[in-house]
Amino acid sequence: VQLQASGGGLVQAGDSLSLSCAASGRTFSVYAMAWFRQAPGKGREFVAQITRYTGSTHYADSVKGRFTISRDNAKNTVYLQMDSLKPEDTAVYYCAASTNERVVHTSHVNYWGQGTLVTVSS
């Protein structure tokens, strides 16, 4: 499956931003989907995931209550709505697909998107 992320940009602290990730190739609905991020000089970390069939979600503690992941299987797209953004949310955001139901670590990921940069100024 090929993943194409979009929606990144430069915003101020407290603003909102919505990321999208369009999938092509194999049937999108068979994959659990997730968002990871990588800040400058740091490793890639888990942000949020959504399961294949039930749409259950799971979030990193650092974004819980501010970010919302969702998916539209008819459009082969996963979204990340980011509210109340903070400077520490600045990172390249990657969407990911997995045949595992649980996707909370990079080792769980089968496919990566190319990343989209989110910069939050203070």
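Above this text is the structure in question.
Residues numbered from 1 in each chain as written. Predicted model: local features only at pLDDT ≥ 70, side-chain atom pairs only at ≥ 80, totals over all residues. Heavy atoms only, no water.

Draft legend 1. How the structure looks around the overall build of the chain. For the chain, the helix and strand inventory stands at zero helices and 11 strands. Seen along its three principal axes, the alpha-carbon backbone of the chain occupies a region of about 40 × 25 × 25 Å. The 122 residues of the chain split such that 41% are buried. On the chain, roughly 5900 Å² of surface is accessible, and the fraction owed to carbon and sulfur atoms is 47%. Between the centroid of the 11 positive side chains of the chain and the centroid of its 8 negative side chains there is a distance of 7 Å. (Helix = DSSP H or I, 4+ residues; strand = E, 2+ residues; numbered from the N terminus. Buried < 20%, exposed > 50% of the residue type's maximum accessible area, 1.4 Å probe, protein only. Areas by Shrake-Rupley, 256 points an atom, 1.4 Å probe, with all protein chains shown as cover. Lys, Arg positive; Asp, Glu negative; His and termini not counted. Charge placed at Lys NZ, Arg CZ, Asp CG, Glu CD.)

Draft legend 2. Up close: the packing of aromatic side chains. Per the counting criterion, the structure on display carries four aromatic pairs. Centroid distance tyrosine 31 to tyrosine 111: 5.8 Å. Interplanar angle 90°. Geometry classified as edge-to-face. Of this pair, tyrosine 31 sits in the loop between β3 (17-24) and β4 (32-38) while tyrosine 111 sits in strand β10 (residues 111-112), and the two are 80 residues apart along the sequence. Taken together through their ring pairs, the aromatic side chains of Phe36, Phe46, Tyr94 and Trp112 make up a single cluster. Over the face of the ring belonging to tyrosine 94 we find arginine 44, whose NZ or CZ atom lies 3.6 Å from the ring centre. The ring of tryptophan 112 carries arginine 44 above its face, with NZ or CZ at 4.6 Å from the centroid. (Phe/Tyr/Trp six-rings, centres within 6.5 Å; stacked < 30°, edge-to-face > 60°. Lys NZ or Arg CZ within 6 Å of the ring centre and 35° of its normal.)

Draft legend 3. Focus on the sheet that holds strand β1 (residues 2-6). Reading across from one edge, β1-β3-β8-β7 is the order of the four strands in this open sheet, with antiparallel pairing throughout. The sheet is open, and its two edges are formed by β1 and β7 (67-72), each paired on a single side. Neighbour-to-neighbour, the strand axes of the sheet open up by a mean angle of 15°, direction not taken into account. Of the pairings in the sheet, the one linking β1 to β3 comprises five bridges and is antiparallel in character. In the sheet register, alanine 5 faces β3, and the bridge partner there is cysteine 21. (Pairing = 2+ DSSP bridges. Axes fitted to C-alpha atoms, helices over the stretch in contact; angles between N-to-C directions.)

Draft legend 4. Representation of the nonpolar core within the structure. Counting 38 residues, the largest nonpolar core has Trp35, Leu80, Met82 and Tyr93 as its most contacted members. Those residues in contact with tyrosine 93 that sit more than four places away from it in its chain are Leu19, Trp35, Phe36, Arg37, Val47, Phe67, Leu80, Met82, Gly115, Thr116 and Val118. (Core = buried A, V, L, I, M, F, W, Y, C linked by side-chain atoms within 4.5 Å. Contact = heavy atoms within 4.5 Å.)

Draft legend 5. Summary view of the state of the cysteines. Tallied over the full model, the rule gives one disulfide. Across a sulfur-sulfur distance of 2.1 Å, cysteine 21 and cysteine 95 are joined as a disulfide pair. Residues cysteine 21 and cysteine 95 are joined by a disulfide whose S-S torsion is about 55°; by sign, that bridge is right-handed. Placement of cysteine 21 in strand β3 and of cysteine 95 in strand β9 (residues 91-98) is noted, with a sequence separation of 74 residues between them. For cysteine 21, a relative accessible area of 0% puts it in the buried group. (Disulfide = S-S within 2.5 Å.)

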